Amino acid sequence: MRPEPWRVKRVHKDTRDTFSLELEPENGDPFSFLPGQFNMLYLFGTGEVPISISGDPGQTDAILHTVRRVGVVTDAMGQLRKGHSLGLRGPYGEPWPLDQAENKDIVIVAGGIGLAPLRPALLSIVANRDKYQNIVLLYGARTPDDILYRKDLEKLSAQLDIQVFVTVDRGTANWRGSIGVVPNMIRRAPFDAQNAVAMICGPEIMIHYATKELHRRGLPDEKIFVSMERNMKCGIGLCGHCQFGPYFVCRDGPVFPYSRVEKLLQVREA
Amino acid sequence: MRQLRDLLLTHPIFHDFPEKYIEAINECAWEQEFLADQYLFWTGQEAKFLYIIRDGTVSLQAYTPEKGPVAIEKLGNGDIIGWSWLFPPYKWHLDAKAESPCHALVLDGRCILGKCADDHELGYELMKRFNCIMLDRLAATRMRLIDVYAKGHLTGSNYDFI
């Protein structure tokens, strides 16, 4: 539970309200994690927030977190510069089921900053490309200016063995790409539903419609995995802040098989 | 070369469609090519046709005095465009422009409506299928209205309540 001191190695502005922090441990110890896991980042004197790890799982001397400014702590994190310190504990949570996806098609569906927790999975897939069949990434953002990791996406698009489809809710005058919602792209996505695994991260309403489209294509619940988001505090299933029915999102998730959370997603929170 | 009838049958909207009705639809259909930047229809024009895109991208645009034409949705392979021939005042509400060279199956709305008037069973089959597509389009529009990725919504990577 004790945060270790980490130092900011680099800050990268991704979009108007999103930035990535590359961190290195002050003690120099190597750090490993699995795609989909998160850390608790503690900004001394301000507060602690759970942030998914968005970097390369193959890199052990530094890690990347992509943060969106949504409140006091993340706003303050946006002020961090190279050399500043913060506390880190983790990694926590259940990862994306990359082992279950071996020899199968993988459909990655991401919306908004939901691409961040999926990025390590994508990097791992690219590094072990021959373990998988067709790879399809479907990504939706609010506007072209809100597209995360644009360079990564361009690089992946240029790669002939990964298919990347990006859409935006609102186009701009010079946007020549797709305009529409992510779930609609599932209909035409080139994958074999009889032999595929889907990984989804984004707003819950997007998850709802994306799973509906995946079902239409014939993908069963147990082949669909979603990353859930709740107010996490302790990160280890003790405090109960992130309780989601019988589960704690921090400990039992954030990645769940859809079959486990389908009913819970329909329960309204008080 | 594939017959028009076969092309119709490959579209999901005609999946399990009774054989005799495919023949009826076939009589109202043809293939058409559109050049990049060519308009399929303009706002205010009489709405006559339904377009099933087989290849290419079509952008639906609304004209605004401040910004000129604004693309509000882009549709591609397999998508269907054009419902306004079904309802009064039978005018297009948007512009549709081919973003790239486009190949479409075109259905003559008046011809289809005539056949539906002659055989209500055909009309019922078609409307059921059209309604599914319109419902999907409505759901997508509502999803965009919610602005799910806007600041303040839960978005997957962080949660900051402090």
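Residues numbered from 1 in each chain as written. Chains lettered and ligands numbered in written order. Predicted model: local features only at pLDDT ≥ 70, side-chain atom pairs only at ≥ 80, totals over all residues.

### Quick word on the sheet that holds strand β4 (residues 47-52) of chain A
Residues and elements named next belong to chain A. Put simply, the rule is: Between any two strands, pairing holds if DSSP finds at least two bridges. Only DSSP runs of H or I reaching four residues or more are called helices, and only runs of E reaching two or more are called strands; each is numbered from the N terminus. Only C-alpha atoms enter the line fits that serve as axes; for helices the fit covers just the stretch in contact. Angles between N-to-C directions range over 0 to 180 degrees.
Overall, antiparallel pairing links the six strands, which are arranged β4-β3-β6-β1-β2-β5 in an open sheet. The open sheet is flanked by β4 and β5 (63-68), the only strands paired with a single partner. Averaged over all pairs of adjacent strands, the angle between their axes in this sheet comes to 40°, without regard to strand direction.

### Quick look at the domain arrangement of chain A
Residue and element names in this part refer to chain A. How we decide: Here the limits of each domain have been adopted from an automatic or database domain assignment. Our contact criterion uses C-beta atoms placed from the backbone: two residues qualify when those atoms are within 7 Å. Throughout, the ten residues Ala, Val, Leu, Ile, Met, Phe, Trp, Tyr, Cys and Pro are labelled nonpolar, Asp, Glu, Lys and Arg are labelled charged, and all others, Gly among them, are labelled polar.
By domain assignment, chain A separates into domain 1 (4-92) and domain 2 (105-199). Centre-to-centre, using C-alpha coordinates, domain 1 lies 24 Å away from domain 2. Taken together, the contact pairs 15 residues of domain 1 with 12 residues of domain 2. When contributions to the side of domain 1 that touches domain 2 are tallied by element, the ones reaching two or more residues are β1 (4-15) and β5. Residues of the side of domain 1 that touches domain 2, tallied by class, amount to three nonpolar, eight polar and four charged.

### Notes on the sheet that holds strand β4 (residues 58-64) of chain B
Residue and element names in this part refer to chain B. Across the sheet, four strands lie side by side as β2-β7-β4-β5; this open sheet has antiparallel pairing. Pairing within the sheet leaves two strands with one partner each, and these edge strands are β2 (39-41) and β5 (68-75). Averaged over all pairs of adjacent strands, the angle between strand axes in this sheet comes to 35°, irrespective of strand direction. Two elements, β4 and β5, share seven bridges in a ladder whose sense is antiparallel. Residue pairing across strands places Tyr63 opposite Pro69, the latter belonging to β5.

### Re the interface of chain A and chain B
Of the residues lining the interface, 43 residues belong to chain A; the matching set on chain B comes to 26 residues. Elements with a contribution of two residues or more to the side of chain A that touches chain B: β4, β5, α1 (72-77), α2 (115-127), β10 (178-179) and α5 (204-217) of chain A. No other element matches β4 of chain A, which puts five residues into the side of chain A that touches chain B. Here the side of chain A that touches chain B is built from residues that sort into 19 nonpolar, 15 polar and nine charged.

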